[in-house]
Amino acid sequence: MAYPSPTDRRISALAGHLSGVSPSLAMNVCASPTSSSSRGNSVFDHLVQAPEDPILGVTVAFNKDPSPVKLNLGVGAYRTEEGKPLVLNVVRRAEQLLVNDRSRVKEYLPIVGLAEFNKLSAKLIFGADSPAIRENRVTTVQCLSGTGSLRIGAEFLGKHYHQHTIYIPAPTWGNHPKIFALAGLSVKTYRYYDPATRGLNFQGPPGNNLSNIISFKTHPSSNSISKLMALPYFYFRGMYNEWTIELKAMADRIISMRRQLFDALRARGTPGDWSHIIKQIGMFTFTGVNSKQVAFMTEEYHIYMTSDGRISMAGLSAKRVPHLADAIHAAITRVS
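**Points about unusual backbone geometry**
- Cis peptide bonds are those with omega within 30 degrees of zero, and the linkage from Ala 170 to Pro 171 qualifies with 10°.
- Position of Pro 171 relative to the elements: it lies in the loop between strand 2 (165–170) and helix 7 (176–182).
- Backbone geometry at His 302 places phi at a positive 60°, although glycine is not the residue there.
- Inspection of the secondary structure assignment puts His 302 in the loop between helix 11 (291–301) and strand 7 (303–304).
- Given a relative accessible area of 23%, His 302 falls into the partly exposed group.

Following this line, the structure appears as structure tokens:
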């Protein structure tokens, strides 16, 4: 007879508390977060499931597609020429050094994070000779990823800053307005992208009272790598130059993908001016295709992207450029 593990027993006990049944009757409860109770007497029955994240939902749909030619250009993750996730060699070296460093311990960090990481990050972003750093006007706090950092910053502004209106660019990530709104801030937008020109909207931000502007930069091209945040460990071990060399190779490949896609569309005589593909910089490109054309490309060519036509150039490879160019050409010529 197989006996349940301690983890199974704890899950069953929790399920019993939530559903009002004894733990012994709840042993068949699954630990999967997607499972649901058919008994209909949970204290959370009134909750409505939130919609899929606009970007992560693209990956969910991609993973369900059995097509061998499918292509995911939704998520902003760098891929190799073979379409595989890339871990930098210098990152693997740093990880191994960390594992083998017997002097490192697992104690809690201070509430604001690792002090040396914060100091080196500020110097890298603002410049070691920055007047703001010299005058002690920069405060750095280590947070969990970009979303976590925004939430902490939003909470701080909501509680301690005299202005409670914040301007974010249009478009922006789908979760950003909710982050600021939940922190008690009034969220407004400023013009950033012009769909007509597929470039920057030079009409500028609305009004004159931009009390708090959250500005987002795209991932860098090869001439702006120095603005990236490096791990302090790379400094300590003399690996910073190796890190920047690998990053430049990544950035150069993205630039090459832009040029190849532009050339492929021109070779096919695709209607329209596609120069924005090579004029834009960074990891993403707003192609200019509309939501109906996006749906067509997904249905007919198994190419996945966000409904606004944004694609991740970092997920494209030279051997997949013709497939993408064919899909764009067909969408432009067949779907209005």
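**A closer look at the pairing of strand 2**
- Inspection of the sheet shows strand 2 paired to strand 3 (residues 186–191) by six bridges, in the parallel sense. The residue bridging Tyr 167 from the neighbouring strand is Lys 188, located in strand 3.
- Remark: the strand 2/helix 7/strand 3 crossover connection has right-handed handedness.

**Quick look at the packing of aromatic side chains**
- Counted according to the given criterion, the structure contains three aromatic pairs.
- On the numbers, 5.8 Å between centres and 85° between planes, the contact of Phe 62 with Tyr 304 is edge-to-face. Placement of Phe 62 in helix 2 (residues 56–64) and of Tyr 304 in strand 7 is noted, with a sequence separation of 242 residues between them.
- Between Tyr 193 and Phe 286, the ring centres sit 4.4 Å apart and the planes meet at 25°, which makes this aromatic pair stacked. You can see Tyr 193 sitting in strand 4 (residues 193–194) and its partner Phe 286 sitting in strand 6 (residues 284–286), a full 93 residues away along the chain. The burial state of Tyr 193 is the same as that of Phe 286; both residues are buried.
- Sitting above the plane of the Phe 62 ring, Lys 70 keeps its charged end 4.5 Å from the centroid.
- Here the guanidinium or amino end of Arg 198 rests over the ring plane of Trp 274, the centre of that ring lying 4.9 Å away.

Scoring rules and cut-offs
- Residues numbered from 1 in each chain as written.
- Predicted model: local features only at pLDDT ≥ 70, side-chain atom pairs only at ≥ 80, totals over all residues.
- Heavy atoms only, no water.
- Helix = DSSP H or I, 4+ residues; strand = E, 2+ residues; numbered from the N terminus.
- Buried < 20%, exposed > 50% of the residue type's maximum accessible area, 1.4 Å probe, protein only.
- Pairing = 2+ DSSP bridges.
- Right-handed = clockwise from strand over helix to strand, strands pointing away.
- Phe/Tyr/Trp six-rings, centres within 6.5 Å; stacked < 30°, edge-to-face > 60°.
- Lys NZ or Arg CZ within 6 Å of the ring centre and 35° of its normal.

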